[in-house]
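# A structural walkthrough
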Amino acid sequence: MDQKLKVGILGGTGMVGQRFISLLENHPWFEVTTIAASSRSAGKRYEDAIGDRWKIDIPMPEAVKDIIVMNVNEVEKVAAQVDFVFSAVDMTKEEIRAIEEAYAKTETPVVSNNSAHRWTPDVPMVVPEINPEHMKVIEYQKKRLGTTRGFIAVKPNCSIQAYSPALTAWREFEPYEVVATTYQAISGAGKTFKDWPEMVGNIIPYIGGEEEKSEKEPLRLWGSVDPVKGEIVPASLPVITCQCVRVPVLNGHTAAVFVKFREKPTKQQLIDALVNFSGQPQELNLPSAPKHYIQYLEEENRPQVALDVDYENGMGVSIGRLREDTVYDWKFIGLAHNTIRGAAGGAVLCAELLTAKGYISRK
């Protein structure tokens, strides 16, 4: 790319906004030129607005420290500075839906980490390796919005990243019933142990809204585009039931999963399907794409957060402990980095694919 696209980060002072900024440092296609946040931070240098609240485990990039934070609600003013935006704003769902549509209507593409538009029928919710064809609904969305280049695309919930890639790789074997329990890191709540000392040595067996997302969002990923209605129709199978537990881990969502299949695969067939699974990001060699999306670990005590969460720079998925079950057919353990693949990194990869397909370009 001859000249980098100018990127804005909406909600750039929060943990996911910070992760966007850290991941985009020295990105070959994108450059963070604009950061927008609440009125409390507006008008301050980014470094001053953050103060002692930098939550990422690598230093703040020098290039962003002197950027003057803009007010995220000054939509026209912010949009005029950028080619597209990443959204990580901390607002109510109604406010998020409204502000993301407002940015899209300024002819500014919005790639969102938020959940507010995940069930808007003509907004694609994409894991680039799993359902890139859903991007076709953008053309229907633009007609609804009255735009020529402005639209919204979203990525799914972080909790499903540890098991939906494996289930996708196994679609040929027709999984029809799934039980999953996710063990989710505190960074998924935008926290560190400094912010949340009560989590040290603790487990909380409830995360608001998370189980519904974990059960339903994979079905939207596996759905199809209705060309008449111009919307995504979710799949009906597999039926998924899920429990979500907060555990004292900083980064990395782990899932324990049980699966029934209509076809009866062997263990080797399942492993082969995992390690050979890839998608358009790998074919196109996108900058943030893992070279190898899913790794299978043979050791009985893997995957482990401490050893495996940063696989493929946090953009890969680790699967292990695949074994036959006495009630279900097979069971396994999955692990994915929740703030990289599950949040900002997944959105960056989505933006790269949108750029490669021509949906995002210079204004």
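For the structure given in this document, a descriptive report is provided here. (Residues numbered from 1 in each chain as written. Predicted model: local features only at pLDDT ≥ 70, side-chain atom pairs only at ≥ 80, totals over all residues. Heavy atoms only, no water.)

Another aspect to go through is the overall build of the protein. Along its length, the protein carries 12 helices and 14 strands. Relative to the 2.2 N^0.38 estimate, which gives 21 Å for 363 residues, the radius of gyration of the protein is 20 Å and therefore close to what a compact globule would have. In terms of overall dimensions, the protein has a C-alpha envelope of 60 × 50 × 35 Å along the principal axes. In the protein, which comprises 363 residues, the proportion classed as buried is 59%. The contacts of the protein with a sequence gap of at least 6 include a subset with a gap of at least 24, amounting to 76%. When the accessible surface of the protein is split by element, carbon and sulfur atoms take 48% of a total near 15000 Å². Taken together, the 41 basic and 47 acidic charged side chains of the protein have centroids lying 3 Å from each other. (Helix = DSSP H or I, 4+ residues; strand = E, 2+ residues; numbered from the N terminus. Rg over C-alpha atoms; globule rule 2.2 N^0.38 Å. Buried < 20%, exposed > 50% of the residue type's maximum accessible area, 1.4 Å probe, protein only. Contact = heavy atoms within 4.5 Å. Areas by Shrake-Rupley, 256 points an atom, 1.4 Å probe, with all protein chains shown as cover. Lys, Arg positive; Asp, Glu negative; His and termini not counted. Charge placed at Lys NZ, Arg CZ, Asp CG, Glu CD.)

The sheet built from 6 strands is open, its strands ordered 3-2-1-4-5-6 with parallel pairing. Among the strands making up the open sheet, the edge pair consists of strand 3 (70-71) and strand 6 (152-154). Examined bridge by bridge, strand 1 (residues 5-10) and strand 2 (residues 30-37) share 6 bridges and lie parallel to one another. Each residue of the ladder has a partner; that of G8, found in strand 2, is T34. Each of strand 1, strand 4 (84-87), strand 5 (110-112) and strand 6 is contacted by helix 5 (residues 93-104), which is oriented at about 150° to strand 5, the strand it contacts most. (Pairing = 2+ DSSP bridges. Axes fitted to C-alpha atoms, helices over the stretch in contact; angles between N-to-C directions.)

This part covers helix 1 (residues 15-23). In terms of burial, helix 1 is largely enclosed, as 7 of its 9 residues are buried. All of the buried residues in helix 1 are M15, G17, Q18, R19, F20, I21 and S22.

Attention now moves to the pattern of salt bridges. Summed over the entire model, instances satisfying the criterion amount to 18 salt bridges. Between R45 and D66 there is a salt bridge, with its nearest N and O atoms 2.7 Å apart. Here R45, found in the loop between strand 2 and helix 2 (46-50), pairs with D66, found in the loop between helix 3 (62-65) and strand 3; they are 21 residues apart in sequence, far enough to count as distant. Taking relative accessible area as the criterion, D66 reaches 54% and is therefore assigned exposed. Of the charged contacts, one joins R302 and E299 as a salt bridge, the two residues approaching to 3.5 Å between their closest N and O atoms. A relative accessible area of 16% means that R302 is categorised as buried. It is possible to trace a salt-bridge network through shared partners that takes in R45, E47, D48, E62, K65 and D66. (Salt bridge = Lys/Arg side-chain N within 4 Å of Asp/Glu carboxyl O.)

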